Amino acid sequence: MSKPVCLVTAPVATRSGYGAHSRDIVRALIKLDRYDVKVWPVRWGSTPMNALDKDDPNDVMIIDRLLTEPNLPKQPEMHIHIVIPNEFQQIAKYNIGITAGLETTACPPEWLQGMNRMDMNIVPATFVKTVLSKVQFDIQNDKTNQVEGILKNEKPIEVLFEGA
């Protein structure tokens, strides 16, 4: 029986904090051996995309799973998107957004919209979870200036602590 496909969209090849984090997550998924892991590498600003070394066995396990284009023959069972929340996209049957979040008490409304596109969101700290769970924005009608609702996170947020 074939394993379920897990597509990870992340800056795995970049020399950035998000790159290092996404490489750790991809390696952990591969070692679980429960999924057919595919990786769609994305840019992270202007950071160099030279963090993967073809002579390092820890990197080869990722390199061997890199897609040259984002198209798969069928919809994956799971998609893990490791970026900032406004970039989160639903691609699979189940979608997980992973973000470092923020170091302040507010976020842009587009982050909440992105998080609400996912089935679940993962952040690295309780502080980030608390902020993203509490922040709200009025949804205002541009023509009437009347408040028509509240924009807030409506999806589960879990903490995956990354500290020592």
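Notes on the structure in this doc start here. Bear in mind that the values here come from a model prediction, so they are computed numbers and not experimental data.

Each value, and the rule that gives it
- Residues numbered from 1 in each chain as written.
- Predicted model: local features only at pLDDT ≥ 70, side-chain atom pairs only at ≥ 80, totals over all residues.
- Heavy atoms only, no water.
- 1 Å grid on protein atoms, 1.4 Å probe; cavity = no way out; pocket = protein on both sides within 12 Å on 5 of 7 lines; lining within 4 Å.
- Points joined across faces, edges and corners; volume = space filled by probe spheres on them.
- Helix = DSSP H or I, 4+ residues; strand = E, 2+ residues; numbered from the N terminus.
- Nonpolar A, V, L, I, M, F, W, Y, C, P; charged D, E, K, R; others polar.
- Buried < 20%, exposed > 50% of the residue type's maximum accessible area, 1.4 Å probe, protein only.
- Pairing = 2+ DSSP bridges.
- Right-handed = clockwise from strand over helix to strand, strands pointing away.
- Contact = heavy atoms within 4.5 Å.
- Phe/Tyr/Trp six-rings, centres within 6.5 Å; stacked < 30°, edge-to-face > 60°.

1. Regarding the layout of surface pockets
No. 1: Of the voids in this model, the largest pocket is the one considered here, and its volume is about 210 Å³.
No. 2: Taken together, His 21, Asp 24, Ile 25, Ala 28, Leu 29, Ile 80, Ile 96, Ile 98, Ile 122, Leu 160 and Glu 162 make up the full set of residues lining the largest pocket.
No. 3: Of all elements in the fold, only α1 (17-32) and β4 (94-98) reach the threshold of two or more residues within the lining of the largest pocket.
No. 4: Per-element tally for the lining of the largest pocket: the top contributor is α1, with five residues.
No. 5: Its residues placed into classes, the lining of the largest pocket shows eight nonpolar, one polar and two charged.

2. Regarding the pairing of strand β2 (residues 36-41)
No. 1: Across the two faces of β2 the burial differs, with Val 37, Val 39 and Pro 41 buried and Asp 36, Lys 38 and Trp 40 not buried at all.
No. 2: Note that strand β1 (residues 5-10) and β2 share six bridges and pair parallel. Note that in β2 the partner of Leu 7 across the bridge is Lys 38.
No. 3: Remark: the β1/α1/β2 crossover connection has right-handed handedness.

3. As for the environment of Val 131
No. 1: You can see Val 131 is positioned in helix α4 (residues 126-134).
No. 2: On the basis of relative accessibility, which here comes to 9%, the residue Val 131 falls in the buried class.
No. 3: Val 131 has contacts with Leu 102, Thr 104, Thr 105 and Ala 106, leaving out every residue within four places of it along the chain.

4. Considerations on the packing of aromatic side chains
No. 1: Counted according to the given criterion, the structure contains one aromatic pair.
No. 2: Ring geometry for Tyr 18 versus Trp 44: centroids 4.1 Å apart, planes at 20°, classification stacked. Separated by 26 residues along the polypeptide, Tyr 18 in helix α1 and Trp 44 in the loop between β2 and α2 (57-63) bring together distant segments of the chain.
No. 3: Under the relative-accessibility criterion, Tyr 18 is labelled buried at 12%.

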